[in-house]
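Here's the letter readout for the chains.
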Amino acid sequence: MNIAIIGLGLMGGSLALSLKKQNYVDSIVGYDHNKKHTQDALCLGLVDKIVSFEDVKKCDVIFLAIPVNGVIKILNELTDVSPETTIIDLGSTKEKIVASVPPQIRKNFVAAHPMTGTENFGPHAAVENLYYDKVVVLCDLEDSGEIQEKVAKKIFKSLHMKKYFMKSHEHDRHAAFISHMPHAISYSIANTVLKQENKHNILALAAGGFRSMSRLAKSSPYMWEDIFRQNKENLLEAIELFEAELTNLKENIKNEEWEKVHQEMANANKLHDILD
């Protein structure tokens, strides 16, 4: 296969590194509107070469590793690809992307969300095993072509990813609770501390707990603004439910209902019984 990756940041760059190890890949080419990213991707050896958008269209597989709004725009510029071409997006929200796919390339398209990443971004953030042993959610796969479904499954299997299947609207609601809300909370925690503490106190007192809770606040504001916008309704529901839980804990602390506080924390412990 000749594979093109549009977007050469953390997700696209890491994907390129993993695909380079696969024996079914003949070449990996890149495209990015950010000229610095294209230069860095070449210097780091993430892709074999940078190509024009017209050359991207000639590839067997096209990965869209860019923000959701960019995916929607690019899809409308790929309407003349071959019927055999596979287009796979890696966006963090799915319903609006799926709804925006031009009908003439719906069979070409596979909606995927690899549940992986780090708080870093750009080509220099790329790591070889980012996708290894992680979950990838494939949405509305029944609307993709038979060729495209086989290609996508083959690629993600070769990356040792665990495949899950669901509807795009189900994905977006689940992602709001598992991924998007935690990012919103992390940004808020960081801003709360920044408005109360000077940098010397933060450096002196910030231990592992605070660093873990605030780590997501390092994530790209450009990417996450886009995600919050695209999944607004689900995110707001998740935030409101979180606010209710926090208010309940706050009231129990305020009223010195320590047995209830203890029970809330004990109940929360059960989450990691599931995760672990």
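Just above sits the structure.
Predicted model only: the values in this text are computed from it and were never measured. Each chain carries its own residue numbering, running from 1 in the written order of its sequence. Local features in a predicted model are, by the rule used here, given only for residues with pLDDT of at least 70; side-chain atom pairs are given and counted only at 80 or more, and totals for whole chains, interfaces and linings are based on all residues. Excluding hydrogens and water, the side-chain figures rest on all heavy atoms present in the structure.

> Would you mind showing me how to read the pattern of salt bridges here?
Opposite charge on two side chains lets them pair, provided their charged atoms get close. Salt-bridge detection follows one rule: a side-chain nitrogen of Lys or Arg within 4 Å of a carboxyl oxygen of Asp or Glu. Applying the stated rule across the entire model yields 15 salt bridges. Measuring nitrogen to oxygen at the nearest pair gives 3.2 Å for the salt bridge that ties Asp80 to Lys57. Within this pair, whereas Asp80 is found in the loop between helix H4 (68–75) and strand E5 (86–89), its partner Lys57 is found in the loop between helix H3 (53–56) and strand E4 (61–64), the two being separated by 23 residues in sequence. Note on Asp80: relative accessible area 52%, which makes it exposed. Take Lys57: its relative accessible area is 14%, and that puts it in the buried class. The partner of Lys167 in a salt bridge is Glu142, with the nearest N and O atoms 2.4 Å apart. Counting from the N terminus, the helices are the DSSP runs of H or I reaching at least four residues and the strands are the DSSP runs of E reaching at least two. Here's how the labels work: a residue is buried when its accessible area is under 20% of the maximum for its type, exposed when over 50%, partly exposed in between, all with a 1.4 Å probe on protein chains only.

> How do you make sense of the sheet that holds E4 when you look at a structure like this?
Each pair of strands is called paired provided DSSP finds at least two bridges between the two strands. One open sheet accounts for eight strands, arranged E3-E2-E1-E4-E5-E6-E7-E8; its pairing is mixed. Because the sheet does not close on itself, it has two edges, and the strands there are strand E3 (49–50) and strand E8 (162–166). Bridge count for strand E1 (residues 2–6) against strand E2 (residues 27–31) is five bridges, and the pairing is parallel. Paired with Ile5 across the bridge in E2 is Gly30. Along the sheet face, helix H7 (residues 168–194) touches strand E6 (109–115), strand E7 (135–139) and E8 and points at about 115 degrees away from the line of E8. Pairs of residues are marked as contacts when any of their non-hydrogen atoms sit within 4.5 Å. Geometry is summarised by axes, namely lines fitted to C-alpha atoms with helices restricted to the contacting stretch, and by angles between N-to-C directions that run from 0 to 180 degrees.

> Any chance you could explain unusual backbone geometry here in plain terms?
It is generally the case that most residues other than glycine have a negative phi and that most peptide bonds are trans. Even without a glycine there, the phi angle at Asp133 is positive, about 65 degrees. Position of Asp133 relative to the elements: it lies in the loop between E6 and E7.

> Can you help me understand the packing of H7 against helix H11 (residues 232–254) in this one?
Their axes nearest at 8 Å, the elements H7 and H11 cross at an angle of 60 degrees. The chirality of how H7 crosses H11 is right-handed. Mapping the contact onto sequence places Asp172, Arg173, Ala176, Phe177, His180, Met181, Ala184 and Ile185 in H7 and Asn234, Leu235, Glu237, Ala238, Ile239, Leu241 and Phe242 in H11. When residue character is reported, Ala, Val, Leu, Ile, Met, Phe, Trp, Tyr, Cys and Pro are called nonpolar, Asp, Glu, Lys and Arg charged, and the others, Gly included, polar. Taken together, the residues that form the contact of H7 with H11 break down as 10 nonpolar, two polar and three charged. Helix crossings fall into two classes, left-handed where the near helix is turned counterclockwise from the far one by less than a right angle and right-handed where it is turned clockwise.

> Hey, could you run me through the pairing of E7 in this one?
Moving residue by residue along a regular strand, the side chains alternate between the two faces of the sheet. E7 sits mainly inside the fold: four of its five residues count as buried. Strand direction decides the pairing type here: E6 and E7, joined by five bridges, are antiparallel. Bridge pairing in E7 links Ala112 to Leu138. Two elements, E7 and E8, share five bridges in a ladder whose sense is parallel. The partner of Cys139 across the bridge, within E8, is Met166. With the strands aimed away from the viewer, a crossover counts as right-handed if its path from the first strand over the helix to the second runs clockwise. Of the crossover connections in this fold, the one passing from E7 over helix H6 (residues 146–158) to the parallel E8 is right-handed.

> Would you explain helix H2 (residues 35–43) in this entry?
Three- or four-residue spacings in an α-helix give side chains the same orientation, since the helix completes a turn every 3.6 residues. Among all positions of H2, only Thr38, Asp40 and Ala41 are buried. Projected down its long axis, H2 shows its buried positions confined to an angular sector of 165 degrees, all on one face. Across from the buried face of H2, at angles greater than 90 degrees, the exposed residues are Lys35 and Cys43. Those residues of H2 that are buried are in contact with E3. This arc corresponds to the set of directions leading from the helix axis out to the C-beta atoms.

That's the geometry; what it means functionally is another story.
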